[in-house]
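The residues making up each chain are set out below.
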Amino acid sequence: MKIVYLIQGRDDPEQAIQLANALSIDDYVVLTLNDNKWIDEAYYLFNRHRNIHLSTSTAFATVGDLSASRTWLYQLKEACEKFKFDYAINLTEHVMPTKTRDEIIDILKQYDGDSVFSIQRNTKDDEELNNQISKYYLGTNAKQFAARKSYRKRMQSYANILYSLGIRRKIDFTVYEGEPWFALNYNMALAFGNELKFASEHFILSWFSERFVIQTMWKLFVPHQSFVNDYLVASSSEEESIKPFKTISHHVERKEIASMLKHYNPVYEPPYDYIAEEIVEVKKSMLDSVIDYFKNISKKK
């Protein structure tokens, strides 16, 4: 079985590159990066890499913004053009494997080739979701949107004002929502990759479209293709022992990340310069301790 991983490097391009390195040892990766400097770096690293495709079809991807969904759709299209695979799995640089590659393959085999994504509610039966989808949200592509809760609340207030003025999204189909993670088989990935315009045509200025674009596209374009209502990325700490992937904090040390990737595939070796910064910081901390020690001695004298 072959997997293609669709990785969005949003905030930490260096971490995204290491994730791509580990996952591409036995599988394929379509990688996007938000940082132009690191795009150039990745080009030289992966230009001749058979298993990694560096995608530059979209300018950036950020959580909660339509750019995340659009980027994953473009990645699906390019994955189908570049590779032959059994499953396309979407990740960001802050989603790490909790199990070995063999264990993840065994989990995927249980789905018997069906695509995997979750549907938890829809606009026909859930009035709260229907109101959310109908609103236009400003500023979702700003850096503050992902980082600051107060900023997101302000954008919700603006959306409510526009809604009260009658400025509403008009959609003539049911929207289905679930977790933002998927594992699509080749046929479904191919179908979605051929419908790139869908997200932009209907969900500009939407609220966390990555939670409903794929689900809704399934219902509209390939409802005859069966799927398993599930997800692969743990949504809570309780699920981390059973799900094959988990979301990690932005503050996890590089050594720990390297350890996770090596657990996934023992062949992976983190480059020295990836963990060198932390080594330097440790040495600096030790030096500071020694200096403080002698300063204290001199004061006592």
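Located above this text is the structure these notes cover.
Residues numbered from 1 in each chain as written. Predicted model: local features only at pLDDT ≥ 70, side-chain atom pairs only at ≥ 80, totals over all residues. Heavy atoms only, no water.

Describe the packing of helix H1 (residues 13-23) against helix H2 (residues 36-46), naming the residues involved and giving the relevant values.
Contact geometry of H1 with H2 gives a least axis separation of 10 Å together with a crossing angle of 20°. Judged by the inter-axis angle, H1 sits roughly parallel to H2. Considering the relative orientation of H1 and H2, their crossing is right-handed. Counted together, Pro13, Glu14, Ile17 and Asn21 of H1 and Trp38, Ala42, Leu45 and Phe46 of H2 form the full contact between these two elements. Its residues assigned to classes, the contact of H1 with H2 comprises six nonpolar, one polar and one charged. (Axes fitted to C-alpha atoms, helices over the stretch in contact; angles between N-to-C directions. Helix = DSSP H or I, 4+ residues; strand = E, 2+ residues; numbered from the N terminus. Parallel < 35°, antiparallel > 145°, perpendicular 65-115°, else oblique. Left-handed = near helix turned anticlockwise from the far one by under 90°. Contact = heavy atoms within 4.5 Å. Nonpolar A, V, L, I, M, F, W, Y, C, P; charged D, E, K, R; others polar.)

So what's going on with the pairing of strand S2 (residues 28-33)? Residues and values would help.
Side chains on a regular strand alternate between the two faces of the sheet. Judged by how many residues are buried, S2 sits mostly within the fold: six of six residues are covered. Neither face of S2 is exposed, since Tyr28, Val30 and Thr32 on one face and Val29, Leu31 and Leu33 on the opposite face are all buried. Bridge analysis of strand S1 (residues 3-9) against S2 gives six bridges, and the strand direction is parallel. Counted as the bridge partner of Ile7 is Leu31 from S2. Once you follow S1 into H1 and on to S2, the crossover reads as right-handed. Pairing geometry for S2 and strand S3 (residues 52-54), over three bridges, is parallel. Paired with Leu31 across the two strands is Leu54, which belongs to S3. Chirality of the crossover, the property in question, places the unit of S2, H2 and S3 among those that are right-handed. (Buried < 20%, exposed > 50% of the residue type's maximum accessible area, 1.4 Å probe, protein only. Pairing = 2+ DSSP bridges. Right-handed = clockwise from strand over helix to strand, strands pointing away.)

Residues and numbers for a negative patch on the surface, please.
Together, Asp26, Asp102, Glu103 and Asp106 give the surface a local cluster of negative charge. The residue Asp102 is located in helix H4 (residues 101-109) in this model. Given the relative accessible area of 55%, Asp102 is considered exposed. (Patch = residues over 30% accessible without salt bridge, like charges linked within 9 Å, V, L, I, M, F, W, Y side chains within 5 Å. Areas by Shrake-Rupley, 256 points an atom, 1.4 Å probe, with all protein chains shown as cover. Salt bridge = Lys/Arg side-chain N within 4 Å of Asp/Glu carboxyl O. Lys, Arg positive; Asp, Glu negative; His and termini not counted. Charge placed at Lys NZ, Arg CZ, Asp CG, Glu CD.)

Can you tell me about the environment of Leu220, naming the residues and giving the values?
Take Leu220: it is sitting in helix H10 (residues 213-221). The class of Leu220 is partly exposed, set by a relative accessible area of 37%. Linking Leu220 and Thr174, residues 46 residues apart in sequence, is a C-alpha distance of 9.0 Å. The contacts of Leu220, once residues within four sequence positions are left out, are Phe173 and Phe198.

Could you give an account of a nonpolar patch on the surface, with specific residues and numbers?
Nonpolar side chains collect at one region of the surface, where Leu138, Tyr158, Ile161, Leu165, Ile167, Ile204 and Leu205 lie side by side and expose about 610 Å² of accessible area between them. Within the secondary structure layout, Leu205 lies in the loop between helix H9 (197-202) and H10.

Describe the environment of Ser55, listing the residues and the values that go with them.
Looking at where Ser55 falls in the secondary structure, it is placed in the loop between S3 and helix H3 (66-82). With a relative accessible area of 5%, Ser55 lands in the buried category. It is 7.1 Å that separates the C-alpha atoms of Ser55 and Gln75, two residues lying 20 residues apart in sequence. What Ser55 contacts, discounting residues up to four positions off in sequence, is Val30, Leu31, Thr32 and Glu78.

Shape descriptors only; they carry no functional weight alone.
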